[in-house]
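Fold and geometry: a report
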Amino acid sequence: MQKYIKMDIKQKIIQRFNAQLGSDIKNLQEIYDFHENLKAEKDEIEKSLSMASTAAPSKVKAVVESVEHIKDEADHLQQISIDLNKKIKEAFSENDRNLELQEIIDKIGQLDKSLSYLYFIKYIENISDEMETFLSSGDDDSLITLYTSLTEVSCQLQTSACHHLVNYVHETLHFWHNLIKEKLSKEYNDLLKTLKWPFCGTNASSMSPPLPEMMTRFKMLTEYLFHLQLPEETIKPVVKSVLLTDFAPISLPITYLVRPLRQRFVYHFTGSKLTNRQDKPEWFFTQILRWIKDHVQWVQKNIQPVADAIGFGHLDIKVEFMRALVQLAVEKLHSELPLVQYDDTLFAHLVDEALGFERELRETLLYPPTQPTTIFVLTQAQVFVKWINIEKKYATEKMDAILSSNTAWERLAGPDTDDMKVTECADAFLTLLTTISDRYKHLPQPGHRLQFLELQLELIDDWRVRLLQLLHENYEDPLTSLMPHILNTLHYVATVLEEWGITVHFLQLYFFKKQFEAVENATDRGNDVSESIGEVEGTVFDEAVGLLQRLEKELISEISDSVALDVKAKSRAYRTDKWFAMQSSKEVASLSVTPSGCPMFQELATRLHILHNALALPLFRQAWKSLAAQFDQFLFEEVVLVNHFNSGGAEQLQYDILRNLFPLFGLYISNPESFFPLIKEACILLNILVGSAMLLQEALSNNSDKTASAEILADVGVHKMSPELALKVIATRTDIIHV
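Below: a short report on this structure. From a predicted model like this one, the values you see are computed outputs, not experimental measurements.

Rules and cut-offs
Residues numbered from 1 in each chain as written. Predicted model: local features only at pLDDT ≥ 70, side-chain atom pairs only at ≥ 80, totals over all residues. Heavy atoms only, no water. Phe/Tyr/Trp six-rings, centres within 6.5 Å; stacked < 30°, edge-to-face > 60°. Helix = DSSP H or I, 4+ residues; strand = E, 2+ residues; numbered from the N terminus. Buried < 20%, exposed > 50% of the residue type's maximum accessible area, 1.4 Å probe, protein only. Axes fitted to C-alpha atoms, helices over the stretch in contact; angles between N-to-C directions. Parallel < 35°, antiparallel > 145°, perpendicular 65-115°, else oblique. Left-handed = near helix turned anticlockwise from the far one by under 90°. Contact = heavy atoms within 4.5 Å. Salt bridge = Lys/Arg side-chain N within 4 Å of Asp/Glu carboxyl O. Core = buried A, V, L, I, M, F, W, Y, C linked by side-chain atoms within 4.5 Å.

Tallying each qualifying case throughout the model produces 33 aromatic pairs. Between Phe265 and Trp291 the ring centres are 6.5 Å apart and the planes differ by 65°, which places this aromatic pair in the edge-to-face class. Residue Phe265 is found in helix H9 (residues 252-269), and its partner Trp291 is found in helix H10 (residues 281-302); the two are separated by 26 residues along the sequence. Classification of Phe265 as buried rests on a relative accessible area of 5%. Residue classification places Trp291 among the buried residues on the basis of a relative accessible area of 3%.

This is how it looks when you write it as structure tokens:
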């Protein structure tokens, strides 16, 4: 350490010499000055030390005491460190003794576990020995009791880390399961034969009530078989195909009950048997339905109570039995579809029968909707696409056949269809849509149902286009062409679609459709889906009904205009009659319809009658309202405003309107005058007393306030006509013109 200090001092001295003298040799004489400076510094330091020893002894003393105190603390800490080191060594020594003791304890625990392991194995072996004894002696009850205990042990060990022990118990359980099942199944099958099971063929005709002791033994064996079920068989099914994963496992009793039926099914509906025909799928579907109907009540009566009594009440035996037989149909349908997929007729027939089977199961036999059936086969991707295409193809062909039928436009007979004038083709088209709905309403996935809904909407639009094409092909006199029949068809279809739209089935589909659209929009825009789904209003048929009703209004307008033109064509003589020179009621015995108006009124009556017979009642209401509005405007503009009327002409016009025109419409409505406001009020103005007419004309001419003018007109019974038109009507009176 001193060596390093000396080296450090030496370096400092050298650095100071270099700084003072530099590298110039000529400066060496300055060394004398440097020596004098160093000597002065030395004297200064000695002087200061002397002053410290004499003038400031307290400061030095304090420093010395501080150093001594620090030394004492360092010594104390050193002693503590020595003591702690000693204790640590003692603790390590004690810990070594504890580790040796722990090793002994661990070894004892391991030996104890090994002993327990051996005792457990011995316990399992004892159970097996007892089971073997009971099996030999035929004590089935004790045998099943021990088997149940073994099953419980196996279940408890499922989470154990002793994998070899778990496998040992598992294999032991399976060994006894197979052995007992073989014994009981033989006896069970023999007993079923004695009971004439299954109840079909010769067994059905020779059924007799079974002996009580036979049924007692049957129920006891059924109980044993329930207990014999392996734990894993009740959790997950063992299936050969992904298609059957939706089928929950079947309990052993039901498995043995279904086995002879399965054998018969395989015998009749596989291979080259005459009953196995691709064009007759209804045979195997019908056979399964018949088996269910013939056996399900007996199964529920004799098996369900046994299951309930032994704690298996969670099993619905009726549903299990049906599900086991439905599985046969699913397997058969799945094997048939690839064989008929290239023949549209066979494929369509197979789908029809599968849907009929589904409908019978759900609606008649009350097979739960949560249970799998043939629909799951039909909704496989490749099958479903084929199904949709076939539906569209046959629906299009059916529409062609409906519209080309010789009786397509004939009305259906019946009190419920008279007012609507329902045509055969309208009813047939709606039946087609109903059939499609019936075929897909049991589909579990909303996406599949929506695809069928889109097909229906496409068919409705195609139907509308076809009707429009027929109109262009048969464009003649609207009343004698297909137009009235097409109008009735459009109206009836639109009305029924509106009613369908508010049913539960289509409201659900509309909700799903809006949800899917909201999800798509949110995905495209990157928004939150929940923000895109608002309140759902309307129905799935709103757009289709809107298009049908728009076409309906166009045709109503066209047919009304046509009738109006025909009536107006007969009106020339009436419009140009001498209204200014007619006799008054005082000059003739009695008034009668104006001779020149007879052709017009006759044509109107004829056309109204034809319209009434041709159109549905709601359509006829629209037609006569349109016709009334046109005829009111026509008579007012072409008869009243272009002619002049003496008192006789005014009376005659009023008589024609009140006694001929209104009664013609009165055959179909209760208040016809309210639909002819212009001509009705014109007759009032033409027939009021001349003095009143002059005062009225003066009041209306001098009064610019419309409200006051309306009140003046209301006093004489004119409510709809404007003051300007009223003045024009009054001006047509000859008694006013010549005053």
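So, next bit.
Further remarks concern the packing of H9 against helix H12 (residues 317-340). Between H9 and H12, the shortest axis-to-axis distance is 11 Å and the interhelical angle comes to 25°. Between H9 and H12, the angle falls in the class roughly parallel. Note on packing geometry: the crossing formed by H9 with H12 is right-handed. Between H9, through Ile254, Val258, Leu261, Arg262, Phe265 and Phe269, and H12, the contact on the second element is made entirely by Ile317, Glu320, Phe321, Ala324, Leu325, Gln327, Leu328, Glu331 and Lys332.

A separate point is the pattern of salt bridges. A side chain with one charge can pair with a side chain of the opposite charge if their charged atoms come near. Inspection of every chain in the model, using the stated rule, returns 26 salt bridges. The partner of Arg277 in a salt bridge is Asp279, with the nearest N and O atoms 2.7 Å apart. The partly exposed category is assigned to Asp279, whose relative accessible area is 31%. A salt bridge links Glu360 to Lys293, with the nearest nitrogen and oxygen atoms 3.1 Å apart. In this pair, Glu360 sits in helix H13 (residues 344-364) while Lys293 sits in helix H10, placing the two residues 67 residues apart along the sequence. Among the ionic contacts, a cluster of salt bridges with common partners joins Asp140, Lys183, Glu187 and Arg217.

Counting 193 residues, the largest nonpolar core has Ile254, Leu635, Leu653 and Leu661 as the members making the most contacts within it. In this structure Leu653 touches Tyr574, Trp579, Val639, Val640, Phe645, Ile679, Cys683 and Leu686, once residues within four positions along its chain are discounted.

With respect to the helices and strands, the residue Glu587 is situated in the loop between helix H22 (572-575) and helix H23 (598-614). By relative accessible area, which is 52% here, Glu587 ends up exposed. Considered as a pair, Glu587 and Gly648 are 61 residues apart in the sequence and their alpha carbons are 8.9 Å apart.

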